[in-house]
Structure formats: C-alpha cells, structure tokens
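The primary structure of each chain is shown beneath.
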Amino acid sequence: YRADCENRTVVMTDGRSDHLPADPRVRYVRLPAPRRNDFVVRALHAPTAARYGEPFDVHVEVESSYEGDWSLALTTDDQPSRVEKFHMRRGRATVALRNLQKDKPLDPGIHRLRINATAPGDEETRNNVAYGSVTVVGRLRVLVVEGAPLEGENLAKLLAIQSIEQERVAAD
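Notes on the structure follow. Please read all numbers here as calculations on a predicted model, not as lab measurements. (Residues numbered from 1 in each chain as written. Predicted model: local features only at pLDDT ≥ 70, side-chain atom pairs only at ≥ 80, totals over all residues. Heavy atoms only, no water.)

Details of the overall build of the chain
Put simply, the test is: The numbering of helices and of strands both runs from the N terminus, where a helix is a DSSP run of H or I of at least 4 residues and a strand a run of E of at least 2. The globule rule used here is 2.2 Å times the number of residues to the 0.38 power, and the radius of gyration it is set against is calculated over C-alpha atoms.
Summing up its helical and strand segments, the chain has one helix and twelve strands in all. For the chain, the α and β elements follow one another from N to C terminus as β-β-β-β-β-β-β-β-β-β-β-α-β. Over its C-alpha trace the chain gives a radius of gyration of 28 Å, far above what one expects of a compact globule, namely 16 Å for 172 residues. If you line up the chain on its principal axes, its C-alpha atoms span 110 × 30 × 25 Å.

What to know about the side chain of S71
Our working rule: Exposure is judged per residue with a 1.4 Å probe applied to protein chains only, and the accessible area is read against the type maximum: over 50% gives exposed, under 20% gives buried, and values in between give partly exposed. Any pair of N or O atoms that falls within 3.5 Å is considered a polar contact. Within protein, one atom must be able to donate a hydrogen and the other to accept it, and sequence-neighbouring residues count only if both atoms are side-chain atoms. Whether two residues touch is decided by their heavy atoms; if any such pair falls within 4.5 Å, the residues are in contact.
Among the structural elements, S71 can be located in strand β6 (residues 68-76). Looking at S71, the relative accessible area reads 13%, which means it is buried. Within the structure, the side chain of S71 is placed 2.6 Å from the side chain of T118, a separation counted as a polar contact. Setting aside residues up to four positions removed in sequence, S71 forms contacts with V83, E84, K85, N116, A117 and T118.

Here we look at a nonpolar patch on the surface
Our working definition: Think of a patch as exposed residues, more than 30% relative accessible area, with no salt bridge, where like charges cluster within 9 Å and nonpolar side chains (Val, Leu, Ile, Met, Phe, Trp, Tyr) cluster within 5 Å. Accessible surface area values rest on a Shrake-Rupley calculation with a 1.4 Å probe, where residue burial reflects the displayed protein chains alone. Any Lys or Arg side-chain nitrogen found within 4 Å of a carboxyl oxygen on Asp or Glu counts as a salt bridge.
On the surface, V10, M12, V29 and L31 cluster together into a nonpolar patch covering about 350 Å² of accessible area. Tracing the backbone shows L31 in the loop between β2 (26-30) and β3 (39-45). According to the relative accessible area criterion, L31 is partly exposed, its value standing at 38%.

Rendered as structure tokens:
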C-alpha cells in the first residue's frame, strides 16, 4: 500500500456467493461465467423393491448445456444391462429406461445399478455417472386348486410362460 494513493482491494468472483462483505474499500468484480459443453447426470431413480420377474422402470434425470445426441449405459451388478440413445436440447430432462427385468429376471436380493452417460463434445465427464439400487423380492408362487382333473391346465400354462411357480392340487 502506498500512503499517497487511495488503496483498494479488488476481488474477482464468479458470483456464486450472495454474501459478500460490505466494505467500501473492497471492489467486487464479477467474472462472466464460462460457457462449457457439459452433460450432467443429476440422479437415478429406481423403485425401492420389485418382485422377481416383474418389469420395472428406472428414471434418469439429466441436464445439458448444449444440444446433442447422448447414450445412457445401465449396468446391473457390474454387468451391462441396457444402452439407450436419445437426442436432447439444452436444459433438463428425464429419461426412462422401461421394462427392466422383462427378458432376464434378477435374482432375489439387493442389486447395484450404475448409469454412465456418454456425449460427444462433453468437456466434463466426471459428472456423467449416477448410482442406485433395487431390491428384488421373492418369486411369485400360486396355488391352483382344480375342481376337476385338468380344469386348471390353461391357467397353469399361462403361469409357466410367466415363470411363476405353481402347485396344482385337487379340491377335496
């Protein structure tokens, strides 16, 4: 500091804080926000529980600072499950991954879900991942009570197609 000058402190800020000290000797200069191409996975929403073999949906909240084509890769217990490709404009969106467990049921228990986004031109890839979990509860079991022999045959075939365990007994 020089005694013969008006001494001021200049603070350059990104403006993220609204609580700047009110000091007349300090001048605050807000820097313009840099414009970056950034795609962000905000959250992964999965049901808390799903029944064995019952399809369920996972919703992924995403945000992008630019328009483009993206892909979301879902892994379940570190195994690739599905890849969804989509086009998105600038802003926020929710992408639904539908009918998980439709083709290959998950075993009962807790399963780790991981979503990884890839986008051409994305300058920050560290925020392209989200995690979640789903608990798969036991298989459905049905007791088919038949009034006459083979009366429940059609129902039994339908249950078998759906991979639902069944036990057939005669009504006594």
